[in-house]
Number of protein chains: 2
Amino acid sequence: MQDEPVPVFFLSDSTGISAETMGNALLIQFPDLRFERRLIPFISTEEEARKVVAILDEAMDGPVTPLAFTTAATDEIRKVLLTSRCPIIDFFELHMQRVESILGASGARVAARLHGVGDIQRYNSRMQAIEYAIEHDDGQSLRALDRADVILVAPSRCGKTPTTMYLALQHGLFVANYPLIEDDLETTDLPRPIAHLGERCFGLIATPGRLSEVRQQRRPNSTYASLEQCTKELRRADALYRTHGIPVINSTTRSVEEMSTLILQTLGTRPSKERGRP
Amino acid sequence: MQDEPVPVFFLSDSTGISAETMGNALLIQFPDLRFERRLIPFISTEEEARKVVAILDEAMDGPVTPLAFTTAATDEIRKVLLTSRCPIIDFFELHMQRVESILGASGARVAARLHGVGDIQRYNSRMQAIEYAIEHDDGQSLRALDRADVILVAPSRCGKTPTTMYLALQHGLFVANYPLIEDDLETTDLPRPIAHLGERCFGLIATPGRLSEVRQQRRPNSTYASLEQCTKELRRADALYRTHGIPVINSTTRSVEEMSTLILQTLGTRPSKERGRP
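Fair warning: this is a prediction, and the values are worked out from it, not measured in the lab.

1. Points about the relation of the copies chain B and chain A
Aligned on chain A, chain B shows an RMSD of 0.1 Å; the corresponding rotation is 180° and the shift along the axis is 0.0 Å. The transformation relating the two chain copies, once decomposed into turn and shift, fits a two-fold axis.

This is the structure in structure tokens:
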């Protein structure tokens, strides 16, 4: 375990999201090192690139050798960046050449312009999905549950809300969530509002110890947060899911991204249902 | 322009989010080609990897040569995948060797386990940010605006809600948004609830034509959606922002990710304020 953190730079002529995502996928393989991350996005002129080189070179004079990741697509920007003394992992150039040769076509090699609100179709469907998610968060509204692509069912604090928002925002899915309260858990029947929608449901559980810890932070020393209460709710929720063949996902061992991927994967294997959307 | 789409596979022993993000960053450089994308995540055994190889090899017999991107970190999985006849862009192996040599340490080379709800601190802060965003969406609640890291101000349909959710979900920021209605736009004063919070505000605008199109889809042929009304609201909003030195972002030319990155960048250059959070 080293004490000084390694300075890490993510450089891009666009948002830098790809550089960050891919760079972090590599860095996560070094759990014993500490990193001090800095994102420098939207590098759009050679002059800006030269300023970045100055920052990198300054970091080279520090106690720990820094590391930079870049996804700059424009040749002029990349050429300037590569004049730095700092080691740079270039996710673009090498792979771009290979992709060009496989596809038999030349890449544009321009800074990626993601679609703005200008892409009205995509913007509207994303907006509708987010608005739907907000309206149906935590069973607030039971209107239009029929329009849901996915209904997340779980006891309180098992991760319904962030997973709902992630699926809406990243994938444009209509996701409702339904909180299982004690009354719902007295039998293994599906609660009435979702009784006819079992095939769109996904059940979330957690491990009792973790759920109790999460709830403690919300209402310390309450019955609600007690290990006994958490254990009971989780056992009953699990029984309810299994009775109805509802897929179960454990949110203690899965991140929001992993849960979302599992749900998408399961949806992909199901016969596509007719959606109630306009 | 070629007619048949190119089959593209994103392969991973984890969620595949890095493979998708990085792969798409390359594919976006080929706007004239069409791609048929398929994500195959969580490849966790050699047997599963062999099944994937069968899928890839089948695609090789189709009319268009397919292309695969992989971020598999486990050597055994990657070795099996690379036995396919399909061209595979491996984002991991090559860069991993380089990163190991720069860092002077060996990477774990295991499938990335993202943090689940098990990482309670991170989970709770993310949850709080999302709950805060939902509570303060579209000026629904003016409670606790003082706790906001960022307040997005804009006329209706300029992209406040998705940007709010993105910042909350991906960056754990407390983001409120405040809709400028006609009454607010009669003067260039900041509306009373946010009058003392100008330095946390970001103003969104759009181009009138696009805003009108977006509003048309919501309320066709209304005054609300008319080009005249949109032009007026946008001009007045812009004047209001400029009067108070509020940074302005155009959501027609910027994606949600780009707007979020710009906001983070601006926050990074400001003297950090004392946050009202617990």
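From this point, the discussion proceeds with the structure in view.
2. Some points on the UniProt feature "binding site: ADP" (unreviewed entry) in chain A
Residues and elements named next belong to chain A. Sites flagged by UniProt as "binding site: ADP" (unreviewed entry) map to Ala-154, Pro-155, Ser-156, Arg-157, Cys-158, Gly-159, Lys-160 and Thr-161. Other than its neighbours up to four places away in sequence, Ser-156 contacts Leu-180, Leu-211, Arg-215, Arg-218 and Tyr-224. Note on placement: Lys-160 falls in helix H6 (residues 160–171). Ignoring sequence-local partners within four residues, the contact set of Lys-160 consists of Asp-138, Leu-152, Val-153, Ala-154, Pro-155, Asn-177, Tyr-178, Pro-179 and Leu-204. Reaching out from Lys-160, the side chain makes a polar contact with the backbone oxygen of Ala-154 at a distance of 3.3 Å.

3. Considerations on the sheet that holds strand S3 (residues 67–70) of chain A
All names here are of chain A. An order of S2-S1-S3-S4 is seen for the 4 strands of this open sheet, with the pairing classed as parallel. Looking at the sheet topology across the chains shown, the edges are occupied by strand S2 (35–40) and strand S4 (88–90). Across this sheet, the average inter-strand angle for adjacent strands is 20°, counted without regard to direction. With 3 bridges joining them, S3 and S4 adopt parallel strand pairing.

4. A few points about the layout of surface pockets
For the second largest pocket, the calculated volume is near 580 Å³. Taken together, 28 residues line the second largest pocket, and the ones lying closest to its centre are Met-127, Gln-128 and Glu-131 of chain A together with Arg-157 and Arg-218 of chain B. Broken down by secondary-structure element, the contributors of at least two residues to the lining of the second largest pocket are helix H5 (120–135) of chain A together with helix H6 (160–171) and helix H7 (208–218) of chain B. Per element, the largest residue contribution to the lining of the second largest pocket is 8 residues, and it comes from H5 of chain A. Split by residue class, the lining of the second largest pocket holds 10 nonpolar, 8 polar and 10 charged.

5. Describing the confidence of the model for chain A
Put simply, chain A has an average pLDDT of 89, and 93% of its residues get 70 or more. Residue range residues 272–278 of chain A is modelled with pLDDT below 50. Its contacts to residues more than four positions away, or to other chains, number 12 contacts.

6. Some words on the nonpolar core
The nonpolar side chains of soluble globular proteins are, as a tendency, buried together. Ranked by internal contacts, the top residues of the largest apolar core, which has 90 residues, are Ile-151 and Tyr-241 of chain A together with Ile-151 and Tyr-241 of chain B. Setting aside residues up to four positions removed in sequence, Tyr-241 of chain A forms contacts with Val-153, Ala-154, Pro-155, Leu-180, Gly-203, Leu-204, Ile-205, Ile-246 and Val-248 of chain A. Membership of the second largest hydrophobic core comes to 43 residues, among which are Val-8 and Met-22 of chain A together with Phe-10 and Phe-35 of chain B.

7. Notes on the packing of aromatic side chains
Residue and element names in this part refer to chain B. A complete count under the given rule lists 6 aromatic pairs over all chains for this structure. Both rings, one in Phe-10 and one in Phe-69, keep their centres 5.8 Å apart while their planes meet at 15°; by these two values the pair is stacked. You can see Phe-10 sitting in strand S1 (residues 6–11) and its partner Phe-69 sitting in strand S3 (residues 67–70), a full 59 residues away along the chain. Pair check on accessibility: Phe-10 and Phe-69 agree, each one buried. Considering the side-chain rings of Tyr-132 and Phe-174, the 4.9 Å spacing of their centres and the 35° angle between planes classify their relative orientation as tilted. In this pair, Tyr-132 is assigned in helix H5 (residues 120–135) and Phe-174 in the loop between H6 and strand S6 (175–179), connecting sequence segments 42 residues apart.

8. Topic: the pairing of strand S1 (residues 6–11) of chain A
Residue and element names in this part refer to chain A. Counting buried residues along S1, 6 of its 6 residues qualify, which places the element largely inside the surrounding structure. By the alternation rule, side chains of S1 split into Val-6, Val-8 and Phe-10 and Pro-7, Phe-9 and Leu-11, which are all buried. Two strands pair when backbone bridges link them, and S1 and S2 are joined in this way by 6 bridges, in the parallel orientation. Bridge pairing links Pro-7 to Glu-36 in S2. Crossover handedness for the path S1 to helix H1 (residues 17–27) to S2: right-handed. Note: S1 against S3, 4 bridges, orientation parallel. Pairing of Phe-10 across the sheet is with Phe-69, part of S3.

9. Re the sheet that holds strand S4 (residues 88–90) of chain B
Read from one edge to the other, the open sheet built from 4 strands follows the order S2-S1-S3-S4 (chain B), with strand pairing classed as parallel. Either end of the sheet is taken by a strand with one partner, and the two such strands are strand S2 (35–40) and S4 of chain B. If you compare each strand with its neighbour and ignore which way they point, the axes differ by 20° on average. Of the strands in this sheet, S1, S2, S3 and S4 of chain B are in contact with helix H4 (residues 93–103) of chain A, which crosses S4 of chain B at around 175°. Where helix H2 (residues 46–60) of chain B meets the sheet, its contacts fall on S1, S2, S3 and S4 of chain B, and the angle it forms with S1 of chain B comes to roughly 165°.

Thresholds applied
- Residues numbered from 1 in each chain as written.
- Chains lettered and ligands numbered in written order.
- Predicted model: local features only at pLDDT ≥ 70, side-chain atom pairs only at ≥ 80, totals over all residues.
- Heavy atoms only, no water.
- Least-squares fit on C-alpha atoms with pLDDT ≥ 70 in both.
- UniProt positions renumbered as here; feature names shortened; annotations may be inferred.
- Contact = heavy atoms within 4.5 Å.
- Helix = DSSP H or I, 4+ residues; strand = E, 2+ residues; numbered from the N terminus.
- Polar contact = N/O pair within 3.5 Å; in protein donor to acceptor, adjacent residues only side chain to side chain.
- Pairing = 2+ DSSP bridges.
- Axes fitted to C-alpha atoms, helices over the stretch in contact; angles between N-to-C directions.
- 1 Å grid on protein atoms, 1.4 Å probe; cavity = no way out; pocket = protein on both sides within 12 Å on 5 of 7 lines; lining within 4 Å.
- Points joined across faces, edges and corners; volume = space filled by probe spheres on them.
- Nonpolar A, V, L, I, M, F, W, Y, C, P; charged D, E, K, R; others polar.
- pLDDT = per-residue confidence, 0-100.
- Core = buried A, V, L, I, M, F, W, Y, C linked by side-chain atoms within 4.5 Å.
- Buried < 20%, exposed > 50% of the residue type's maximum accessible area, 1.4 Å probe, protein only.
- Phe/Tyr/Trp six-rings, centres within 6.5 Å; stacked < 30°, edge-to-face > 60°.
- Right-handed = clockwise from strand over helix to strand, strands pointing away.

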